[in-house]
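Summary of the model geometry
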Amino acid sequence: MEEMEEASNQNPSATVTDRNLNDLPEELLLHILTCLPILESVQTSLISQKWRPLWSRVPSLNFLFELFPPYEPPLDTRQFFAEFIDRVLILRSNSPIHTFRLSFIYHGHYRSHVDSWVRSAITRLRTRELYLDFFIHKDFHNEETHNHRYDFPFSVLRNGCVAILGLKRCDLTLPAKMSTLRFCSIGSMFLNEVYLTDQAMWDLISGCPNLEALDLEDCLAHHHMKICSTKLKRLALRYFYDSELKETILVDCPNLCSISFNCCAFDKFVLKNASSLVEFHVDILHKIDRSYRYWNKVVRLLGQAPNVKHLNVQNWWFKFLTSKDSFPKSFMIHNLNHLELRTGFTQYDLVGMAALLKLCPNLETMMLDFLFKIEEDETLSEEFSSKPVELSMPSLKQVTVTSYTGTEDEVNFMKILSTQGVALEKIILVLGHVGAKSRLQMVLYRNASQSWKCYSPDLASTTLNYIDAELFKQGINWLIESCLVF
């Protein structure tokens, strides 16, 4: 390193960049290093004398196995990676860090290494956020690795100040009498592929009295899960698949503000004391024969949450009209003012949309997202296939369509929307398919004379920035095609 610095001093032209970087405040340099993989961050110590100690003071340590240079055979990569982490943590100063992130393909041979890393992050470096990922991606695994799971020693958290904990693909060892130990620093927890028995779930929540956000994904070993907390404000449940055990879940959290169900297939859902709930998210695999019954059970929980204002749901509401397992006649979502609906625009979809809108008399804004359908729509009876769709929108002021492509069904929907939306002031169209590199946004607005005009904030030409057109008489697809060609 000294030779590199001497060579730089002898060649002034080679040090211009170094001098400019050296003039930056240390706080900014540390921020730059935080954005780099830890290996590259360490390598910056070769730049100059000023840079030599900086990597050891970065506020975040990100040890990501997938970014580490590969070796042959692959087992050597894991060994070199473990030795690299050991070395970094030995040389690292004791200054507290904000985040410690580790991704690693675990094997029992490395148990002492991982234990040492975890304890160092928690007790010596006093990290505020701790994320451990022992899965990364399926391509990193084989039959051998699937038989090895790290057993996270939860009790070590008592000696630290971790506020956010994220664990993926590991076991969880809780201390005896967990509820009396009180891990007060933990405010948010994200658990993915972690074995959680019903008792472990109860003990975990009881032992974290200040837990406000809980995200559980694909967690196994539960049968009758109970999530009861007076502090919890946000709850997300993802990928709890159905089994023959008729699993149930009870949520009793009087201060819960947001709840999300993503591919949850419990046999029974119970929601209590949900008057504080204002955000409700449902996403169930769109397979009618297999999944609708779970969607039905989750959506019924809205009847126990009278103050929901923000709803994110897929359009299965045609079944709301025709299912034998009908909803109570009193079922309404009176306080809803923002709706995010994943939907298509076929007659089947529009009939379902109309059924939902009747339940939301105070809805003010609606966002329509793309819905991926695994199965074809059900065949409509004559009653629904020939009857004109009427959308009840007495308070709706703004509609956003996030993937508008100008199909015949979409054009038909726009005509209905523009003529029946008595309070509608603005329609925003994001043109193109989801994932497209370039997507044009167009805004339709109702002017003082109640006629519709259109402009695009994405178009550079002022001649096309405002377009006075008979949008809905001629078909908005013509306008969209013209703008895209331009």
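Because the structure is predicted, anything quoted here is derived from the model rather than measured.

Scoring rules and cut-offs
- Residues numbered from 1 in each chain as written.
- Predicted model: local features only at pLDDT ≥ 70, side-chain atom pairs only at ≥ 80, totals over all residues.
- Heavy atoms only, no water.
- Helix = DSSP H or I, 4+ residues; strand = E, 2+ residues; numbered from the N terminus.
- Buried < 20%, exposed > 50% of the residue type's maximum accessible area, 1.4 Å probe, protein only.
- Contact = heavy atoms within 4.5 Å.
- Areas by Shrake-Rupley, 256 points an atom, 1.4 Å probe, with all protein chains shown as cover.
- Patch = residues over 30% accessible without salt bridge, like charges linked within 9 Å, V, L, I, M, F, W, Y side chains within 5 Å.
- Salt bridge = Lys/Arg side-chain N within 4 Å of Asp/Glu carboxyl O.
- Core = buried A, V, L, I, M, F, W, Y, C linked by side-chain atoms within 4.5 Å.
- pLDDT = per-residue confidence, 0-100.
- Pairing = 2+ DSSP bridges.
- Axes fitted to C-alpha atoms, helices over the stretch in contact; angles between N-to-C directions.
- Phe/Tyr/Trp six-rings, centres within 6.5 Å; stacked < 30°, edge-to-face > 60°.
- Lys NZ or Arg CZ within 6 Å of the ring centre and 35° of its normal.

**Topic: the overall build of the protein**
Broken down by element type, the protein carries 15 helices and 21 strands. Taking all 486 residues of the protein together, the buried fraction comes to 48%. Across the protein, contacts joining residues at least 24 apart in sequence account for 66% of those joining residues at least 6 apart. Of the roughly 24000 Å² of accessible surface on the protein, a fraction of 52% belongs to carbon and sulfur atoms.

**Some details on a nonpolar patch on the surface**
A grouping of Leu-285, Phe-370, Phe-372 and Ile-374 is seen on the molecular surface, where their side chains present a nonpolar patch of about 420 Å² in accessible area. With respect to the helices and strands, the residue Phe-370 is situated in strand 16 (residues 365-370).

**Some remarks on the nonpolar core**
Membership of the largest hydrophobic core comes to 140 residues, with the highest contact counts inside it found for Phe-63, Phe-100, Phe-152, Phe-154, Leu-216, Ile-227 and Phe-280. Ranked by residue count, the leading element in this core is helix 11 (residues 347-358), at 8 residues.

**Description of the confidence of the model for the protein**
Summing up the model confidence of the protein, the mean pLDDT is 85 and the portion of residues at 70 or higher is 88%. Of all helices and strands in the protein, the one with the weakest mean pLDDT is helix 1 (residues 2-10) (39), whereas strand 3 (residues 129-133) scores best (98). Here residues 1-18 is modelled with pLDDT under 50, and outside its nearest four sequence neighbours on either side it reaches 10 contacts, counting other chains as well. Predicted confidence is poor over residues 480-486, with pLDDT under 50, and the contacts of this stretch with residues over four places away or in other chains come to 12 contacts.

**Quick notes on the pattern of salt bridges**
Under the definition given, this model contains 9 salt bridges. Ionic pairing is found between Glu-279 and Arg-234, a salt bridge with its closest N-O pair at 3.7 Å. With Glu-279 in strand 13 (residues 279-283) and Arg-234 in strand 9 (residues 234-240), this residue pair connects regions lying 45 residues apart in the sequence. Of the residues examined, Arg-234 reaches a relative accessible area of 45% and is grouped as partly exposed. A salt bridge links Lys-297 to Asp-267; its shortest N-O distance comes to 3.7 Å. Of this pair, Lys-297 sits in helix 9 (residues 288-300) while Asp-267 sits in the loop between strand 11 (258-264) and strand 12 (268-272), and the two are 30 residues apart along the sequence. Owing to a relative accessible area of 23%, Lys-297 belongs among the partly exposed residues under this scheme.

**A look at the environment of Phe-63**
Take Phe-63: it is sitting in strand 1 (residues 60-64). For the pair formed by Phe-63 and Ile-85, sequence separation is 22 residues and the distance between their alpha carbons is 7.4 Å. Setting aside its immediate chain neighbours within four residues, Phe-63 contacts Ile-38, Phe-81, Phe-84, Ile-85, Val-88, Leu-89, Phe-100, Arg-101, Leu-102 and Ser-103.

**So, the sheet that holds strand 12**
Ordered in space as 8-10-12, the 3 strands form an open sheet in which the pairing is parallel. Across the chains shown, the open sheet's two edge strands, defined by having one partner strand only, are strand 8 (224-228) and strand 12. Neighbour-to-neighbour, the strand axes of the sheet open up by a mean angle of 10°, direction not taken into account. Judged from the 5 bridges that link them, strand 8 and strand 10 (residues 248-252) form a sheet pairing that is parallel. Across the sheet, residue His-224 finds its bridge partner in strand 10, namely Thr-248.

**Focus on the packing of aromatic side chains**
Aromatic rings considered in pairs are described by the distance between their centres and by the relative angle of their planes. Inspection of the entire model under this criterion finds 32 aromatic pairs. A centroid spacing of 6.0 Å and a plane angle of 65° characterise the contact between Phe-65 and Phe-140, whose relative ring orientation is edge-to-face. With Phe-65 in the loop between strand 1 and helix 5 (74-91) and Phe-140 in the loop between strand 3 and strand 4 (150-153), the pair connects residues that are 75 residues apart, well separated along the chain. Take Phe-65: its relative accessible area is 9%, and that puts it in the buried class. Judged by its relative accessible area of 34%, Phe-140 falls in the partly exposed class. The ring of Phe-327 carries the charged tip of Arg-300 above its face, separated from the ring centre by 4.5 Å.

**Concerning the side chain of Ser-291**
One can find Ser-291 in helix 9. A relative accessible area of 6% means that Ser-291 is categorised as buried. Here Ser-291 is in contact with Ile-284, Leu-285 and Trp-316, once residues within four sequence places are set aside.

**Thoughts on the environment of Cys-161**
Take Cys-161: it is sitting in the loop between strand 4 and strand 5 (164-173). Overall, Cys-161 belongs to the buried group, its relative accessible area being 17%. Between the C-alpha atom of Cys-161 and that of Phe-183, which follows or precedes it by 22 residues, the distance is 9.1 Å. Among residues more than four places away in sequence, those in contact with Cys-161 are Arg-126, Thr-127, Arg-128 and Ser-185.

**So, unusual backbone geometry**
In the Ramachandran plot, Arg-126 falls in the positive-phi region, its phi being about 55° despite a non-glycine side chain. Relative to the helices and strands, Arg-126 is located in the loop between helix 6 (111-124) and strand 3. Its relative accessible area of 33% is what places Arg-126 among the partly exposed residues. Of note, the phi angle at Tyr-239 is positive, near 55°, even though the residue is not glycine. If you trace the backbone, Tyr-239 turns up in strand 9.

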